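If you want the building blocks of each chain, they are given just below.
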Amino acid sequence: MNDGFLFANAAVKTKESGFFGTEKLGRLIDSDSLADAVRVLAEAGYGGGSIPDDPDDFERLLRDEENAVENFVRKSAPSDTGFECFWLERDYHNLKVLTKAERFGAETEGLLL
């Protein structure tokens, strides 16, 4: 077996304890309000574990978690194994947005993935 795969497998195995289990998922589903649901996500470590001041800002929390997962996979996955295909659509979109913004002098806030 390739050493890169062994490292990736070990890295993922160490992350398993932070996965949503039945208890955390049940608490999320049973939340009475958006603020409670965001608090459950933050307590589980989503978005670095910081609780947003405004519960309606939960998208930032989820975006931060998505970026953390992407960075983890990019760092842990062995190169030239096919994982690179997952980033193509996002990279293409961002390149297109940045090119158009530079050409037309537009702002990119909220447009980058």
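Check the entry above for the structure.
Not measured: the values here are computed from a predicted model. (Residues numbered from 1 in each chain as written. Predicted model: local features only at pLDDT ≥ 70, side-chain atom pairs only at ≥ 80, totals over all residues. Heavy atoms only, no water.)

1. Focus: the overall build of the protein chain
Using the following cut-off: Every helix listed is a DSSP run of H or I at least four residues long, and every strand listed is a run of E at least two residues long, numbered separately from the N terminus. Relative accessibility decides the category of a residue: with a 1.4 Å probe and only protein chains considered, values under 20% of the type maximum give buried, values over 50% give exposed, and everything between is partly exposed. Should any heavy atoms of two residues lie within 4.5 Å, those residues are considered in contact. Under the convention used here, a 1.4 Å probe and the Shrake-Rupley method define accessible areas, while residue burial counts only the protein chains that appear.
A tally of helices and strands in the protein chain yields 5 helices and 0 strands. Across the protein chain, helices and strands are ordered from the amino to the carboxyl terminus as α-α-α-α-α. For the protein chain, the spread of C-alpha atoms along the three principal axes comes to 45 × 45 × 20 Å. Here the protein chain holds 113 residues, and the buried ones make up 19% of them. Taking all contacts inside the protein chain whose residues are at least 6 apart in sequence as the whole, residues at least 24 apart take part in 23%. Accessible surface for the protein chain amounts to roughly 8600 Å². Of this, 55% is attributable to carbon and sulfur atoms.

2. Remarks on the packing of aromatic side chains
What counts here: The aromatic pairing rule takes the rings of Phe, Tyr and Trp, using the six-membered ring of Trp, and pairs them if the centres are within 6.5 Å, calling planes under 30 degrees apart stacked, those over 60 edge-to-face and the rest tilted. Criterion for a charge above a ring: Arg CZ or Lys NZ at most 6 Å from the ring centre, at most 35 degrees from the ring normal.
Across all of its chains, the model carries 0 aromatic pairs by this definition. The cationic tip of R103 hangs over the ring face of F104; the distance from NZ or CZ to the ring centre is 5.4 Å.

3. As for the pattern of salt bridges
Note the cut-off: A carboxyl oxygen of Asp or Glu within 4 Å of a side-chain nitrogen of Lys or Arg is what we treat as a salt bridge.
Here the structure, examined in full by the defined rule, presents 8 salt bridges. The partner of D64 in a salt bridge is R60, with the nearest N and O atoms 3.2 Å apart. Of the two residues, D64 and R60 both sit in helix α4 (residues 58–76), 4 residues apart, roughly one turn of that helix. Residue R60 is classed as partly exposed on the basis of its relative accessible area of 24%. The partner of E66 in a salt bridge is R90, and the shortest N-O contact between them spans 2.3 Å. In this pair, E66 sits in helix α4 while R90 sits in helix α5 (residues 85–104), placing the two residues 24 residues apart along the sequence. Put simply, E66, E70, R74, R90 and D91 are held in one network by salt bridges that share partners.

4. Concerning the packing of helix α3 (residues 34–43) against α4
Put simply, the rule reads: Every axis in this analysis is a line fitted to C-alpha atoms, fitted for helices over the stretch in contact. Angles between the N-to-C directions lie between 0 and 180 degrees. The scheme is simple: roughly parallel for angles under 35 degrees, roughly antiparallel for over 145, roughly perpendicular for 65 to 115, oblique for anything else. Take the far helix as the reference: if the near one is turned anticlockwise from it by less than a right angle, the crossing is left-handed, and if turned clockwise, right-handed. Only Asp, Glu, Lys and Arg are considered charged, only Ala, Val, Leu, Ile, Met, Phe, Trp, Tyr, Cys and Pro nonpolar, and every remaining residue, Gly among them, polar.
For the pair α3 and α4, the least separation of the axes is 11 Å and the interaxial angle reads 20 degrees. One element, α3, and the other, α4, form an angle in the roughly parallel class. Our pair here, α3 against α4, has a crossing hand that is left-handed. Where α3 abuts α4, its residues L34, V38, L41 and A42 lie against F58, L61 and L62. When its residues are assigned to classes, the contact of α3 with α4 shows 7 nonpolar, no polar and no charged.

Keep in mind these values describe shape, not function.
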